Amino acid sequence: MTEFTLSQHFDDKEPVVKSIYDRILKEARKFGKVVEEPKKTSIHLVNKSAFAGVATRKSALILNIKSAAPIQHARIKKSEQVSASRFHQEVKLVSPEEVDSTLIAWLKDAYTLSG
């Protein structure tokens, strides 16, 4: 089995991508314990189960947030129902400033759902 590391997700990416990730992690850790699980194509952020997924791009980060219902918001690029009461919301982030109170509230809800 191939092990994936956190640093591999940031190889050949612009520094802003790591800054955005660090900001997400810093905010999420205010809710409680967060475990980082690097996978092949993303990094899962886990409470008791995964509450968010992070996919790195050259100069952006795609954040996938778990929710109990679709989030109707201009920032949500894609909303996908994954089970009867679970949805994945996709947000593209290009700067750490986009990790604002709105996004943090979505993350907090996701964290609570996964507890």
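Let me sum up the structure you'll find in this document. Here the structure is a predicted model, which is why all the values come from computation and not from measurement. (Residues numbered from 1 in each chain as written. Predicted model: local features only at pLDDT ≥ 70, side-chain atom pairs only at ≥ 80, totals over all residues. Heavy atoms only, no water.)

This brings us to the pattern of salt bridges. As enumerated under the stated definition, the model contains six salt bridges in all. The partner of Lys-18 in a salt bridge is Asp-22, with the nearest N and O atoms 2.7 Å apart. In this pair, Lys-18 and Asp-22 are both assigned in helix H1 (residues 15-28), four residues apart and thus about one turn of the helix distant. When its relative accessible area of 36% is taken as the criterion, Asp-22 is described as partly exposed. (Salt bridge = Lys/Arg side-chain N within 4 Å of Asp/Glu carboxyl O. Helix = DSSP H or I, 4+ residues; strand = E, 2+ residues; numbered from the N terminus. Buried < 20%, exposed > 50% of the residue type's maximum accessible area, 1.4 Å probe, protein only.)

So, on to unusual backbone geometry. Of note in the backbone geometry, Asp-12 takes a positive phi value of approximately 60 degrees without being a glycine. Its location among the elements puts Asp-12 in the segment before H1. Relative accessible area serves as the criterion here: at 67%, Asp-12 is assigned to the exposed category.

What follows covers the sheet that holds strand S6 (residues 86-93). One open sheet holds the six strands; their spatial order is S1-S2-S3-S4-S6-S5, and the pairing between them is antiparallel. Looking at which strands have only one partner, the edges of the open sheet turn out to be strand S1 (35-38) and strand S5 (76-83). Between one strand and the next, the sheet's axes are offset by a mean angle of 20 degrees, whatever the strand orientation. Taken together, the seven bridges between strand S4 (residues 61-67) and S6 define a ladder with antiparallel strand orientation. Bridge assignment links Ile-62 to a residue of S6, and that residue is Lys-92. Each of S1, strand S2 (43-46), strand S3 (50-56), S4 and S6 is contacted by H1, which is oriented at about 25 degrees to S4, the strand it contacts most. (Pairing = 2+ DSSP bridges. Axes fitted to C-alpha atoms, helices over the stretch in contact; angles between N-to-C directions. Contact = heavy atoms within 4.5 Å.)

Turning next to the packing of aromatic side chains. Considering all chains together, one arrives at three aromatic pairs under this definition. Geometrically, the ring pair formed by Phe-10 and Tyr-21 is tilted, given 5.2 Å between the ring centres and 55 degrees between the ring planes. Here the residue Phe-10 occupies a position in the segment before H1, and Tyr-21 occupies one in helix H1, the gap between them amounting to 11 residues. For Phe-10, a relative accessible area of 13% translates into the label buried. Given the relative accessible area of 2%, Tyr-21 is considered buried. Residues Phe-31 and Tyr-111 carry aromatic rings whose centres are separated by 5.6 Å and whose planes lie at 55 degrees to one another, so their mutual orientation is tilted. (Phe/Tyr/Trp six-rings, centres within 6.5 Å; stacked < 30°, edge-to-face > 60°.)

So, on to the nonpolar core. The tendency in soluble globular proteins is for nonpolar side chains to be buried side by side. If you look at the biggest cluster of nonpolar residues, it comprises 28 residues, and the most contacted ones within it are Ile-24, Leu-45, Phe-51, Leu-61, Leu-63 and Leu-93. Of all the secondary-structure elements, those providing two or more residues to this core are H1, S2, S3, S4, S6 and helix H2 (101-113). Residues contacting Leu-63, with those up to four places away along its chain left out, are Ile-24, Ala-52, Gly-53, Val-54, Gln-89, Glu-90, Val-91, Leu-93, Leu-103 and Leu-107. (Core = buried A, V, L, I, M, F, W, Y, C linked by side-chain atoms within 4.5 Å.)

Our focus in this paragraph is H2. Helical geometry: 3.6 residues make up each α-helical turn, so side chains three or four residues apart lie on a common side. Over its 13 residues, H2 extends 18 Å from the first C-alpha to the last, a length consistent with the 18 Å expected when each residue adds 1.5 Å. The complete set of buried residues in H2 reads Leu-103, Ile-104, Trp-106, Leu-107, Ala-110 and Tyr-111. End-on, the buried residues of H2 take up no more than an arc of 160 degrees, which puts them together on one face. Exposed residues pointing more than 90 degrees away from the buried face of H2 are listed as Ser-101, Asp-109 and Thr-112. Next to the buried residues of H2 lie H1, S3, S4, S5 and S6. (Expected span 1.5 Å × (residues − 1). Arc of directions from axis to C-beta.)

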